[in-house]
Amino acid sequence: NAGVTQTPKFQVLKTGQSMTLQCAQDMNHEYMSWYRQDPGMGLRLIHYSVGAGITDQGEVPNGYNVSRSTTEDFPLRLLSAAPSQTSVYFCASRRQGTDTQYFGPGTRLTVL
Amino acid sequence: GNSVTQMEGPVTLSEEAFLTINCTYTATGYPSLFWYVQYPGEGLQLLLKATKADDKGSNKGFEATYRKETTSFHLEKGSVQVSDSAVYFCALSADKLIFGTGTRLQVFP
């Protein structure tokens, strides 16, 4: 099992550009989520999904879109990047009914 | 609402020293409690967890006890190693996973 994979590992964008952060898991987990990690703020939940076709907002959803067309994939889209979105982004998954999350290696995004 | 408070870092120790990282929580109901570790350049890994009061989670020499009376889940290790240098996150699981701000541990030889 590869676990949770994320691409790219690093990305630099200019203000106003769009991009998609990819996340995939091969553990057949129902629950997937996106977090951002900022200094002194821990991890904050952006969006999550409890299964294919179902998504919901977390603590800091503004500026981000998600979709879940398959169990395996949960991409995060930035439609118009802003410097405030400079952060490290982590995708995570877990099996429904359990409480242990598995994290991907992260994507470090810089918006100039 | 639910929240987690951790001691601020960095915590700087010499090898073989005793480690305590404090964590307290606020929650309705009876959440599960976790410690995650993030090594440099990597994602978070589950270090240990406890699911009910008085449970003790342990792994790799680290321990934490779920104390309902003090709403705490302090992380301890008797003898740290340089390889333990990382950021440690306390977290609770209610309907969602809620993290503390993280504590950086630096261990010097």
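Residues numbered from 1 in each chain as written. Chains lettered and ligands numbered in written order. Predicted model: local features only at pLDDT ≥ 70, side-chain atom pairs only at ≥ 80, totals over all residues. Heavy atoms only, no water.

## So, the state of the cysteines
All names here are of chain A.
And step 1. Per the counting criterion, the structure on display carries two disulfides over all chains.
And step 2. Each sulfur in the disulfide pair Cys23 and Cys91 lies 1.8 Å from the other. The chirality of the disulfide connecting Cys23 with Cys91 is left-handed, given an S-S dihedral of about -70°. Highlighted residues: Cys23 in strand 3 (residues 19-25) and Cys91 in strand 9 (residues 87-94), separated in sequence by 68 residues. (Disulfide = S-S within 2.5 Å. Helix = DSSP H or I, 4+ residues; strand = E, 2+ residues; numbered from the N terminus.)

## Here's the deal with the packing of aromatic side chains
Geometry of an aromatic ring pair is reported as the spacing of the ring centres plus the angle between the planes.
And step 1. Evaluation of the coordinates by the stated rule reveals 11 aromatic pairs over all chains.
And step 2. With a centroid separation of 5.7 Å and 20° between ring planes, the pair formed by Tyr31 of chain A and Tyr48 of chain A is classed as stacked. Separated by 17 residues along the polypeptide, Tyr31 of chain A in strand 4 (residues 31-38) and Tyr48 of chain A in strand 5 (residues 42-51) bring together distant segments of the chain. Neither Tyr31 of chain A nor Tyr48 of chain A differs from the other in exposure class; each is buried.
And step 3. Each ring, one from Phe103 of chain A and one from Phe99 of chain B, has its centre 6.0 Å from the other, and the planes form 70°; the classification is edge-to-face. With Phe103 of chain A in strand 10 (residues 102-103) and Phe99 of chain B in strand 11 (residues 97-99), this pair bridges two chains. By the burial criterion, Phe103 of chain A is buried, and Phe99 of chain B matches it.
And step 4. Connected via pairs of aromatic rings, a cluster forms that spans Tyr35 and Phe103 of chain A together with Phe34, Tyr36, Phe89 and Phe99 of chain B.
And step 5. A cation over a ring is seen here: Arg68 of chain A above Phe74 of chain A, with NZ or CZ 6.0 Å from the ring centre.
And step 6. The ring of Tyr31 of chain A carries Arg94 of chain A above its face, with NZ or CZ at 4.0 Å from the centroid. (Phe/Tyr/Trp six-rings, centres within 6.5 Å; stacked < 30°, edge-to-face > 60°. Buried < 20%, exposed > 50% of the residue type's maximum accessible area, 1.4 Å probe, protein only. Lys NZ or Arg CZ within 6 Å of the ring centre and 35° of its normal.)

## Things to note about the pairing of strand 10 (residues 86-93) of chain B
Residue and element names in this part refer to chain B.
And step 1. In terms of residue burial, strand 10 counts as a mostly covered element, since eight of its eight residues are buried.
And step 2. Here strand 10 shows no split at all, with Ala86, Tyr88, Cys90 and Leu92 on one side and Val87, Phe89, Ala91 and Ser93 on the other all buried.
And step 3. Bridge analysis of strand 5 (residues 32-38) against strand 10 gives seven bridges, and the strand direction is antiparallel. Of the residues in strand 10, the one forming a bridge with Leu33 is Leu92.
And step 4. As paired strands, strand 10 and strand 12 (residues 103-108) are joined by three bridges and run antiparallel to one another. Bridge pairing links Val87 to Arg104 in strand 12. (Pairing = 2+ DSSP bridges.)

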